Amino acid sequence: MISDALRPVLRVLFTGSRTYDDKLMVRVVLNGLLEAFGPTWQLVFVHGAAPGLDQLVHDVATGELKGSCVVEPHPADWPTCDWTHPVVPCPPGTDHRRIRNYRHNQGDPEAEGYCPLAGFRRNQLMADLGAGLCSALVDKPLANSRGTNDMVERAARAGIDPIHVITTGGRP
């Protein structure tokens, strides 16, 4: 096997539903990528550090596949608004902010909420950083998974090609 320092890097961008729970499919996809590219390429699995698919990719890659790939999580900065972002700016003021759990924060004057655009800014960052391919795994039609659909569209605009969309029924 070629030393990691000498192997070219292949960044694989993963995006998927927060409700995605098909760990077997994640194993199949990651192992398939390692079989196809692992001996020649240093694989970097990029994800948005959200529940669902991102967590499964992270768990499999850092667990049973530890040492065979690099994992690059990009969590969204939910508490922060960005009025100067060149692609996904927040509207002026704080009226667009949301309270994550309304019942939990009801009557709490300290509850400042979160910026609902933070996930889209994170998606733009991941697209801007580039990847050799994008793999979207969803448990519903892509159009019904707002964040995943947004990431796929941003990846396409950034020239990330190919983009594979895999829809499964999920696992109990």
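Residues numbered from 1 in each chain as written. Predicted model: local features only at pLDDT ≥ 70, side-chain atom pairs only at ≥ 80, totals over all residues. Heavy atoms only, no water.

Enquirer: Looking at this model, I keep getting lost on helix 4 (residues 118-129). Mind explaining?
Expert: Along its 12 residues, helix 4 runs 17 Å from first to last C-alpha, staying within 8% of the 16 Å computed at 1.5 Å per residue. Judged by how many residues are buried, helix 4 sits mostly within the fold: nine of 12 residues are covered. Regarding helix 4, the residues found buried are Ala118, Gly119, Phe120, Arg121, Arg122, Asn123, Gln124, Met126 and Ala127. Residues of helix 4 that are buried in the fold lie against strand 1 (9-16), strand 2 (42-47) and helix 5 (146-157). Phi turns positive, to about 80 degrees, at Gly130, one or two residues after helix 4. (Helix = DSSP H or I, 4+ residues; strand = E, 2+ residues; numbered from the N terminus. Expected span 1.5 Å × (residues − 1). Buried < 20%, exposed > 50% of the residue type's maximum accessible area, 1.4 Å probe, protein only. Contact = heavy atoms within 4.5 Å.)

Enquirer: What is the right way to read the packing of aromatic side chains from this model?
Expert: The geometry of an aromatic ring pair is captured by two quantities: the separation of the ring centres and the angle between the planes. Inspection of every chain in the model, using the stated rule, returns two aromatic pairs. Where Phe14 meets Phe45, the ring centres are 5.5 Å apart and the plane angle is 85 degrees; that geometry is what we call edge-to-face. Of this pair, Phe14 sits in strand 1 while Phe45 sits in strand 2, placing them 31 residues apart in sequence. Taking relative accessible area as the criterion, Phe14 reaches 2% and is therefore assigned buried. (Phe/Tyr/Trp six-rings, centres within 6.5 Å; stacked < 30°, edge-to-face > 60°.)

Enquirer: Would you explain unusual backbone geometry in this entry?
Expert: It is generally the case that most residues other than glycine have a negative phi and that most peptide bonds are trans. With omega at 10 degrees, the peptide bond leading from Asp161 into Pro162 counts as cis. Here Pro162 is to be found in the loop between helix 5 and strand 5 (163-167). The backbone phi angle of Ala49 is positive, close to 55 degrees, even though this residue is not glycine. Position of Ala49 among the secondary structure elements: in the loop between strand 2 and helix 2 (53-62).

Enquirer: In this structure, what is going on with the sheet that holds strand 5? I would like to understand it.
Expert: The pairing of strands in a sheet happens through backbone hydrogen bonds and is either parallel or antiparallel. Read across the sheet, five strands follow the order 3-2-1-4-5 without closing on themselves; strand pairing throughout is parallel. Each end of this open sheet is capped by a strand with a single partner; those strands are strand 3 (70-73) and strand 5. Strand-to-strand twist of the sheet, defined as the mean angle between neighbouring strand axes without regard to direction, takes the value 20 degrees. The pairing of strand 1 with strand 4 (residues 133-138) spans five bridges and is classified as parallel. Counted as the bridge partner of Thr15 is Ala136 from strand 4. Packed onto the sheet, helix 1 (residues 23-37) meets strand 1, strand 2, strand 4 and strand 5 and runs at close to 165 degrees relative to strand 4. Lying on the sheet, helix 5 is in contact with strand 1, strand 4 and strand 5; it crosses strand 1 at an angle near 145 degrees. (Pairing = 2+ DSSP bridges. Axes fitted to C-alpha atoms, helices over the stretch in contact; angles between N-to-C directions.)

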